[in-house]
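For reference, the chains in residue letters:
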Amino acid sequence: MVKTRAPMGSGRRRTESVGPGHQTPLTTGTVVRWSAVGILVTCSVLVLVLPWPLPYEQTVDEIMEERSGHLQEQCRMIAEAAGNGSDHLFPASGGSRQYQQPFHNYFLQPRLGLLWCSISKVASTTWMYQFNRWAGVPSEKIAYAANDLKALARMYYPVPTRADVEQIKLNPEQFAESPVVRFLLVRDPIDRFVSAYEDLIVRPQSANYRNLRRFIFREVYGVDAPETSDKVCLIKNFG
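Keep in mind it's a predicted model, so treat the numbers as computed, not measured.

> For this particular structure, what's the right way to read the packing of helix 8 (residues 189-202) against helix 9 (residues 207-221)?
When two helices pack together, their arrangement is captured by the angle between the axes and the distance separating the axes. At their nearest, the axes of helix 8 and helix 9 sit 8 Å apart, and the two run at 90 degrees to each other. Overall, the two elements helix 8 and helix 9 adopt an arrangement that is roughly perpendicular. Contacts between helix 8 and helix 9 pair Asp199, Leu200 and Ile201 from the former with Tyr209, Leu212, Arg213, Ile216 and Phe217 from the latter. By residue class, the composition of the contact of helix 8 with helix 9 is six nonpolar, no polar and two charged.

So, in structure tokens, the structure goes:
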């Protein structure tokens, strides 16, 4: 009688496969099934936890229209408080003074044909320096007036009205020696916010910034801003 020996290790493997500590090996089907169950449970929890319907019911166009209306209303209120009326801000109202509105942020460099709309905290100091240099202002004088370069620039660049800006767009050759390029600069809003906080609250350098700092402290805390920087307005209140 011939005895056939089983391959070495096969008995051990069979014992392990049926032993009390045996765990069924993972297969692709098992992974797919448990993944589907996990996704189903997660979706069920989200449906129960999240508000329904979701809070954003307005479209982007509706949100922007609402913001635009709010901004226009604020402009009207400011204009009326200043005693100027609101017709010069909004052409639709048909006011005769609308084109005499001064555009304080516009600077026209006629020799280079540049019409710049200055926006605070968006590289305005750098460009104000450059516009002063283009006007022939010596570097020493610019350094002396470094805290108020805009006032210095206004000595060489008169404030245009809205009518002037419209004419520059229609007939640039009457105002500049070359075709006029109109431009403005933008900046990341968070960077701009932090920069404004540092300049207005932490270390104001100009008299204008110090006045704004006092105004902000009165609005937030009801007191004037301290002379030293040991107490500063919290950034959460600054916004």
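What follows picks up the thread again.
> Even after reading the chapter, I still don't get helix 8, so can you show me in this structure?
Because an α-helix packs 3.6 residues into every turn, residues spaced three or four apart end up facing the same way. Between its first and last C-alpha, helix 8 extends 19 Å over 14 residues, near the 20 Å set by a 1.5 Å rise per residue. Along helix 8, the residues classified as buried are Ser195, Ala196, Tyr197, Asp199, Leu200 and Ile201.

> Quick question: what am I supposed to make of the pairing of strand 2 (residues 114-117) here?
It is a general feature of regular strands that their side chains alternate between the two faces of the sheet. Residues Leu114 and Trp116 line one face of strand 2 and the alternating positions Leu115 and Cys117 line the opposite face, and both faces are buried. As paired strands, strand 1 (residues 106-109) and strand 2 are joined by four bridges and run antiparallel to one another. Bridge pairing links Tyr106 to Cys117 in strand 2. Counting the residues between successive antiparallel strands, the hairpin from strand 1 to strand 2 contains four residues, one of them, Gly113, with a positive phi of roughly 70 degrees. Relative to strand 3 (residues 181-183), strand 2 is paired through three bridges, and the arrangement is parallel. The partner of Leu115 across the bridge, within strand 3, is Arg182.

> How should unusual backbone geometry be read in this particular structure?
Most peptide bonds are trans, and most residues other than glycine sit at a negative phi. Residue Lys121 is not a glycine yet carries a positive backbone phi of 65 degrees. Relative to the helices and strands, Lys121 is located in the loop between strand 2 and helix 4 (124-134). You will see that Ala123, though not glycine, has its phi angle at about 60 degrees, which is positive. Inspection of the secondary structure puts Ala123 in the loop between strand 2 and helix 4. Relative accessible area serves as the criterion here: at 39%, Ala123 is assigned to the partly exposed category.

Cut-off values and rules
Residues numbered from 1 in each chain as written. Predicted model: local features only at pLDDT ≥ 70, side-chain atom pairs only at ≥ 80, totals over all residues. Heavy atoms only, no water. Axes fitted to C-alpha atoms, helices over the stretch in contact; angles between N-to-C directions. Helix = DSSP H or I, 4+ residues; strand = E, 2+ residues; numbered from the N terminus. Parallel < 35°, antiparallel > 145°, perpendicular 65-115°, else oblique. Contact = heavy atoms within 4.5 Å. Nonpolar A, V, L, I, M, F, W, Y, C, P; charged D, E, K, R; others polar. Expected span 1.5 Å × (residues − 1). Buried < 20%, exposed > 50% of the residue type's maximum accessible area, 1.4 Å probe, protein only. Pairing = 2+ DSSP bridges.

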